[in-house]
Amino acid sequence: MSLERDFLEYSQRSRGMDHDRYDWSMLHNRRKITWPNGKKLALWVNVCLQFFPINQRGKPFKVPGGMTMPYPDLRHYSLRDYGNRVGIFRFLKAFDKYGVTPTFTMNTRLAERNSYLLDVIKERGDEIACHGMHMDALHFGGQNIGDERELIKRSLDVLRNLSGQDVTGWLSPARSESENTPDLLAEHGIKYFSDWVNDDMPYEFTTKHGCLTAMPLSNELEDKFILMDNLHSEQSYADQICDACDFLLTESEHGGGRILALNVHPWMLGQPHRIAKFEQVLDYVSSKKSVWSASASDILAEFKSRS
Amino acid sequence: MQEDPNLYDYWPYQNRPKIVWPNGAKIAFWVAPNIEFYELNPPENPHRKPWPQAYPAVGDYSIRDYGNRVGHIRQMQLLDKYGIRGSISLSAAVCDHHPEIINLCCERDWEFFSHGIYNTRYTYGLSEEQEREMILDSVDTIEKHTGKKPAGYLAPALSHSEHTIDLFAEAGGIYTCDLFHDDQPSPVHVRSSKPFISIPYSLEMNDTIAYAVNKVEPRRYGQMIKDNFDQLYKEGAESGTVMCIPTHNYQVSCPHRLRAFEEALEYITGHADVWIATGREIADHYIKHYYDASANDIQQKMGVTT
């Protein structure tokens, strides 16, 4: 019994990363930044507005949160749709109450199907980023590059047209990418994307079409991860976010400005038994004097101008 | 394959020779941060896939990189605050990729033990000769970059063969973290017949097991650590125990988890009869003072039962 020789050979075993997508860099060695008006912690509330088709193909995998039952899986289809009908309006009230500036990361297909909701967002003037075509239109390893290019082009063209915004931000459905996704996003005018979870601050990502910024959108602090994947309690969700807020504020005193990025789903936190906990979090964080609530693009622009 | 790994004998947790740790301490407490490198696109081992999805596994790879970019320094600052020196479970390739991290550990006089080359290169399927090569590579790399040969071993990604422990003992090691059968050090059989022991490392206290496998809430994890300590501290009055917290800084050093971890460290180090040690220090002390008595006691009890 033995393995092929290449299993004990390490072609990438040298200084830096084992790929050329980004440079190796430790957060504590980077230049310290301060947010506008001397603020220490940028609050980025990223609302995922999603469309899960009931005729899910599930290729090459079933998207987490998607259909699990034989067609027609009414329970999951309608429970996700709940977020776009009911939960989102609870969110909007809460954002206004606590003076929070959200960023809406939207499936293009939802914008096409639901002009009322899109108009509500547009009227508010909040940033709209692209969350891919829909939750069953996945980007994945081994995907044909031509197919993916067309998918990204269509997703962005349509969302830009409907929203009237530049749409410079991207979050892949299920945060899943092919080896070409970052190149194709940069090729189509995307400035930042949020699939990679290896940092607490923005960093430069290398692509064949110039630089792209990786924005730190924590998966560990996401409502779906804490409540649905880990089955933690609603109170624990609130505790975890408040503990993270406290920690980052303390770290910012010697480490420079930080970002508290909350990825949230109206079908999850917009439920009647959860919205109060989300409000508790927004109340806690927004009441801190050193917190600056802003859109992802504004945070990125300030970051670039100050680092 | 055999029904028993034949690495140790049954040895009941009562009436053992009494252990007293330095300065009369009841418990030896150590923290073992895993400093690892996972490859984005490693050659595939036929027995275990490195990632659950096709290349590129963006989420799984990048959260592990978070530990190196963001997490380690947070834990270093925390352990400094409570006077704890870490015992690093090291993917030796980190010496090549990220020497800054190694230097930060050296500055703190932390211990390094071997955790293989990469945590995406498993032991499964390796011939004995190949596994020896991998283990010696890790030992030599660690010695070259830190000035000391590692005394301890934790197989990469806890992937083992029937030869793993023997091979590490032959590479000069004196302890393993791969066995979870006890709350005290205990002798391990190796074919070279030298004193070689198991040091309690604990899967139950391991943050990745708690958070990623068992999906424990952060504050409950903090409570579990305190409860684990209370019991071992109490029993340590009878005979010294060992408590280990193995960590991964892509788990425990996330902003929402450090408060609970810090409270637990503060609690433990606030007790009088705690020996804050490293794996090597525990192993050296045990081998010097208790190995022979333990081995004799095991022989005697084996004799009684057969």
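Please refer to the structure higher up on the page.
Residues numbered from 1 in each chain as written. Chains lettered and ligands numbered in written order. Predicted model: local features only at pLDDT ≥ 70, side-chain atom pairs only at ≥ 80, totals over all residues. Heavy atoms only, no water.

1. What about the overall build of chain B?
And then number 1: Within chain B one finds 10 helices and nine strands.
And then number 2: The C-alpha atoms of chain B give 19 Å as radius of gyration, which agrees with the globular expectation for 306 residues (19 Å, within 12%).
And then number 3: With the C-alpha coordinates of chain B rotated into their principal frame, the extents come out at 55 × 45 × 35 Å.
And then number 4: Counting all 306 residues of chain B, 61% fall into the buried class.
And then number 5: A separation threshold of at least 6 residues defines the contact pool for chain B, and within that pool the share at least 24 residues apart is 74%. (Helix = DSSP H or I, 4+ residues; strand = E, 2+ residues; numbered from the N terminus. Rg over C-alpha atoms; globule rule 2.2 N^0.38 Å. Buried < 20%, exposed > 50% of the residue type's maximum accessible area, 1.4 Å probe, protein only. Contact = heavy atoms within 4.5 Å.)

2. Details of the pattern of salt bridges
And then number 1: Tallied over the full model, the rule gives 42 salt bridges over all chains.
And then number 2: Here aspartate 96 of chain A makes a salt bridge to arginine 124 of chain A, at a shortest N to O gap of 3.3 Å. A residue pair is termed long-range when its members are at least 10 positions apart, and aspartate 96 of chain A in helix 1 (residues 74-98) and arginine 124 of chain A in helix 3 (residues 115-124) qualify at 28 residues.
And then number 3: On the basis of relative accessibility, which here comes to 27%, the residue arginine 124 of chain A falls in the partly exposed class.
And then number 4: Lysine 153 of chain A serves as the salt-bridge partner of aspartate 157 of chain A, at 2.7 Å between the closest nitrogen and oxygen. In this pair, aspartate 157 of chain A and lysine 153 of chain A both sit in helix 4 (residues 145-163), four residues apart, roughly one turn of the helix.
And then number 5: Under the relative-accessibility criterion, aspartate 157 of chain A is labelled partly exposed at 37%.
And then number 6: Within the structure, one salt-bridge network assembled from shared partners comprises Asp239 and Asp243 of chain A together with Arg219, Arg259 and Glu263 of chain B. (Salt bridge = Lys/Arg side-chain N within 4 Å of Asp/Glu carboxyl O.)

3. Quick look at empty space enclosed by the protein
Over the atoms rolls a probe the size of a water molecule, and its path tells where empty space is left.
And then number 1: Tallied over the entire structure, the rule returns seven cavities of 30 Å³ or more.
And then number 2: Of the voids in this model, the largest cavity is the one considered here, and its volume is about 170 Å³.
And then number 3: Forming the boundary of the largest cavity are 18 residues, of which Asp199, Asp200, Leu217 and Ser218 of chain A together with Tyr66 of chain B lie nearest the centre.
And then number 4: Those elements that place two or more of their residues in the lining of the largest cavity are strand 8 (258-264) of chain A together with helix 1 (58-81) of chain B.
And then number 5: Among the elements that line the lining of the largest cavity, the one with the most residues is strand 8 of chain A, at three residues.
And then number 6: Residues belonging to the lining of the largest cavity are distributed by class as follows: 12 nonpolar, three polar and three charged.
And then number 7: Of the voids in this model, the second largest cavity is the one considered here, and its volume is about 60 Å³. (1 Å grid on protein atoms, 1.4 Å probe; cavity = no way out; pocket = protein on both sides within 12 Å on 5 of 7 lines; lining within 4 Å. Points joined across faces, edges and corners; volume = space filled by probe spheres on them. Nonpolar A, V, L, I, M, F, W, Y, C, P; charged D, E, K, R; others polar.)

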